[in-house]
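As a plain string of letters, each chain reads:
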Amino acid sequence: MGDPDTLNDGPGVIEPGPQASDTDRLAAVPFVNASSLWSVEYLCESAWFAHAPFMFWLIGVHRPETFVELGTHAGFSLLAACQAVERHGTQTRCFAIDTWRGDEHAGYYGEDVYQALSGYHNRRFAAFSTLIRGSFDESVVSFPDGSIDLLHIDGRHFYGDIKHDFTTWAAKLSARAVVLLHDTNVREREFGVGRFLAEIRDEHPTFEFPHGHGLGVVALGEDVGEELKALASLPDDSSAAAMVRAAYARLGDMVEREWRLQEAGKERRADHRLLAERDVRIQYLETGQASQESTITDLQSTITDLQSRLRSLEPLALLPQARFQGFRHLVRHPSSAMPGMRALARSLLDRREVQASELFDAAWYRRC
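These numbers were taken from a predicted model, which means no experiment stands behind them.

What counts, and where the lines are drawn
- Residues numbered from 1 in each chain as written.
- Predicted model: local features only at pLDDT ≥ 70, side-chain atom pairs only at ≥ 80, totals over all residues.
- Heavy atoms only, no water.
- Helix = DSSP H or I, 4+ residues; strand = E, 2+ residues; numbered from the N terminus.
- Buried < 20%, exposed > 50% of the residue type's maximum accessible area, 1.4 Å probe, protein only.
- Contact = heavy atoms within 4.5 Å.
- Areas by Shrake-Rupley, 256 points an atom, 1.4 Å probe, with all protein chains shown as cover.
- Core = buried A, V, L, I, M, F, W, Y, C linked by side-chain atoms within 4.5 Å.
- Phe/Tyr/Trp six-rings, centres within 6.5 Å; stacked < 30°, edge-to-face > 60°.
- Lys NZ or Arg CZ within 6 Å of the ring centre and 35° of its normal.
- pLDDT = per-residue confidence, 0-100.
- Axes fitted to C-alpha atoms, helices over the stretch in contact; angles between N-to-C directions.
- Parallel < 35°, antiparallel > 145°, perpendicular 65-115°, else oblique.
- Left-handed = near helix turned anticlockwise from the far one by under 90°.
- Nonpolar A, V, L, I, M, F, W, Y, C, P; charged D, E, K, R; others polar.
- Pairing = 2+ DSSP bridges.
- Right-handed = clockwise from strand over helix to strand, strands pointing away.
- Salt bridge = Lys/Arg side-chain N within 4 Å of Asp/Glu carboxyl O.
- Expected span 1.5 Å × (residues − 1).

K.L.:
Would you mind going over the overall build of the protein chain with me for this structure?
P.N.:
Counting secondary structure elements, the protein chain contains ten helices and nine strands. Counting only residues that meet the buried cut, the protein chain has 43% of its 368 residues in that class. For the protein chain, restricting intrachain contacts to residue pairs at least 6 apart in sequence, the fraction spanning at least 24 positions comes to 77%. Summed over all atoms, the accessible surface of the protein chain reaches about 20,300 Å², with 53% contributed by carbon and sulfur.

K.L.:
It is not clear to me how the side chain of Thr90 should be interpreted in this structure. Could you clarify?
P.N.:
On the secondary structure map, Thr90 appears in the loop between helix H3 (76-88) and strand E2 (93-98). Judged by relative accessible area, which is 9%, Thr90 ranks as buried. Beyond its immediate sequence surroundings of up to four residues, Thr90 is in contact with Ile59, Arg63 and Val85.

K.L.:
Looking at this model, I keep getting lost on the nonpolar core. Mind explaining?
P.N.:
Note on soluble globular proteins: their nonpolar side chains tend to be buried together. In terms of nonpolar packing, the biggest core is built from 55 residues, with Phe54, Phe76 and Leu180 touching the most fellow members. Those residues in contact with Phe54 that lie beyond four places of it in its chain are Leu180, Phe209, Leu215, Val217, Leu231 and Tyr248. With 23 residues, the next largest nonpolar core counts Phe95, Leu173, Ala177 and Val179 among its residues.

K.L.:
Got a minute to help me understand helix H6 (residues 159-169) in this structure?
P.N.:
Helical geometry note: an α-helix holds 3.6 residues per turn, so side chains three or four residues apart project in the same direction. Those residues of H6 that fall on the buried side of the exposure criterion are Tyr159, Asp161, Ile162, Asp165, Phe166 and Trp169. On its buried side, H6 packs onto strand E1 (66-70), E2, helix H5 (136-139), strand E6 (148-153), strand E7 (173-182) and helix H7 (193-200).

K.L.:
Mind showing me how you'd approach the packing of aromatic side chains here?
P.N.:
Ring pairs (aromatic) are described by centroid distance and by the angle formed between their planes. Applying the stated criterion across every chain yields a total of 16 aromatic pairs. Of the aromatic side chains, those joined through ring pairs into one cluster are Phe31, Phe54, Trp57, Phe207, Phe209 and Tyr248. In this arrangement the basic side chain of Arg195 is found over the ring face of Tyr159, its NZ or CZ atom lying 3.7 Å from the centre.

K.L.:
Is there a simple way to explain the environment of Trp169 in this structure?
P.N.:
With respect to the helices and strands, the residue Trp169 is situated in helix H6. Classification of Trp169 by relative accessible area gives buried; the value is 0%. Every residue in contact with Trp169, bar those within four places of it in the chain, is listed here: Val68, Leu70, Ile97, Phe136, Ser139, Val140, Phe143, Ile148 and Leu151.

K.L.:
I'm lost on the confidence of the model for the protein chain in this one. Help?
P.N.:
Fine structural detail should not be taken from predicted coordinates in areas where pLDDT scores are low. Here the protein chain shows a mean pLDDT of 82. Residues at 70 or above account for 71%. Per-residue pLDDT stays below 50 along residues 1-18; that stretch engages in 35 contacts with residues further than four places along the chain or on separate chains.

K.L.:
What is the right way to read the packing of H6 against H7 from this model?
P.N.:
Packed helices, taken two at a time, are described by the angle their axes make and the gap between the axes. Running from amino to carboxyl end, H6 crosses H7 at an angle of 50°, the nearest separation of the two axes being 8 Å. As judged from the angle between their axes, H6 and H7 are oblique. As for how H6 packs across H7, the hand of that crossing is right-handed. Listed contacts from H7 to Tyr159, Ile162, Lys163 and Phe166 of H6 are Val193, Arg195, Phe196, Glu199 and Ile200. Looking at side-chain class alone, the contact of H6 with H7 contains six nonpolar, no polar and three charged residues.

K.L.:
Before we go on, may I ask you to explain the pairing of E2 in this structure?
P.N.:
The buried count for E2 comes to five of six residues, which makes it a mostly enclosed element. Of the pairings in the sheet, the one linking E1 to E2 comprises five bridges and is parallel in character. Looking at the pairing, Leu70 lines up with Ile97 of E2. Taken together, E1, H3 and E2 form a β-α-β motif whose crossover is right-handed. Where E2 lies against strand E5 (residues 129-133), five bridges are found, and the strand directions are parallel.

K.L.:
Quick question: what am I supposed to make of the pattern of salt bridges here?
P.N.:
For side chains of opposite charge, pairing can occur when their charged atoms come near one another. In the structure shown here, the tally under the stated rule is eleven salt bridges. Across the pair Arg176 and Asp149 runs a salt bridge, and its minimum N-O distance is 3.4 Å. Remark: Asp149 occurs in strand E6 and Arg176 occurs in strand E7; sequence separation between them is 27 residues. Ionic pairing is found between Asp236 and Arg245, a salt bridge with its closest N-O pair at 2.4 Å. Taking the relative accessible area as the measure of exposure, Arg245 reaches 3% and is therefore buried. Through salt bridges with shared partners, a single ionic network connects Glu41, Glu86 and Arg124.

K.L.:
Is there a simple way to explain unusual backbone geometry in this structure?
P.N.:
Note on backbone geometry: most residues besides glycine have negative phi, and most peptide bonds are trans. With phi around 50°, Arg63 is a residue other than glycine that occupies positive phi space. As for its placement among the helices and strands, Arg63 is situated in the loop between helix H2 (52-62) and E1. Overall, Arg63 belongs to the partly exposed group, its relative accessible area being 39%. With a phi angle near 50°, His73 is a residue other than glycine that sits in the positive phi range. Summarising the element assignment, His73 is placed in the loop between E1 and H3. His73 gets classed as partly exposed once you look at its relative accessible area, which sits at 31%.

K.L.:
Is there a simple way to think about helix H4 (residues 111-125) in this case?
P.N.:
Here H4 is 15 residues long and its end C-alpha atoms lie 21 Å apart, about the 21 Å a rise of 1.5 Å per residue gives. Buried within H4 are the following residues: Val113, Tyr114, Leu117, Ser118, Tyr120, His121 and Phe125. Close packing links the buried residues of H4 with H3 and E5.

Next comes the structure, spelled out in structure tokens:
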């Protein structure tokens, strides 16, 4: 991961600097472990990319019995938590609550978002995780007081909304409760999560990651584990806190890069499919053109053959006419033939005249 003194992930991340003491370095170590380096199993577009490595660490050290998420959208944070529950082998029950219609901050969306999430979620994690379709206020009565060890609030982000959700669900939190507040570092569009987090800092130990739109970690319960107490107790301006933030910012950046590579791969595969379809279409058109050219050649050959046959019939059409002229001579000059020839000639003349006329007409029709 490189020298911790040089870890940086752009604006909003505090760079530790060369003056960090060995004690500060050691203090940062417990908050990053092997699970922080896991690859994310389910990647979808999300503002939560940057915090999946911390979620993996958090589930492992906190081992909540009940995890509730308020606001799930496409499900990235929920599925990251489910992946951690499965890999760490905790006995956690997970619940995701959302209307899956969207709001002013998440944007409004169609049924396809819920269908995509539920299809994957139910195949992989239905044994210990449940999607609850409804409002936060309607669903709160389904949970006993003091039952939730980990609560992630990521619904609508107006100040009044985040305060209302935190207050409404406070009675449901256990003595070990940790609360995650997403989007603490977003100021536009009247986001009020950062303002609310600043208000409760004096009442509860907190730790904030400024990267990835900001994530507030509130160690709310009195019996929170030692690791989380230690994290929430780090002085905000200490080198150890800066190193933890820088480490998770870098790890989160790797997750987002992995997603971008996945999307680029999808685009390449789509381009290849389009190229293959184009090649098939071109081959089809070329085959059709070749077939048409073959048909035209056959027709031209047939026309040539018919013209040749027509020319060979033309002499036969003239033969009856010549014979007709000979018989006409016999009729007009009976003295030149025997007496019986006149009647025979007239009979043949009449018949041949009819046949000649029919043959001539047929030849003319073919020629046309």
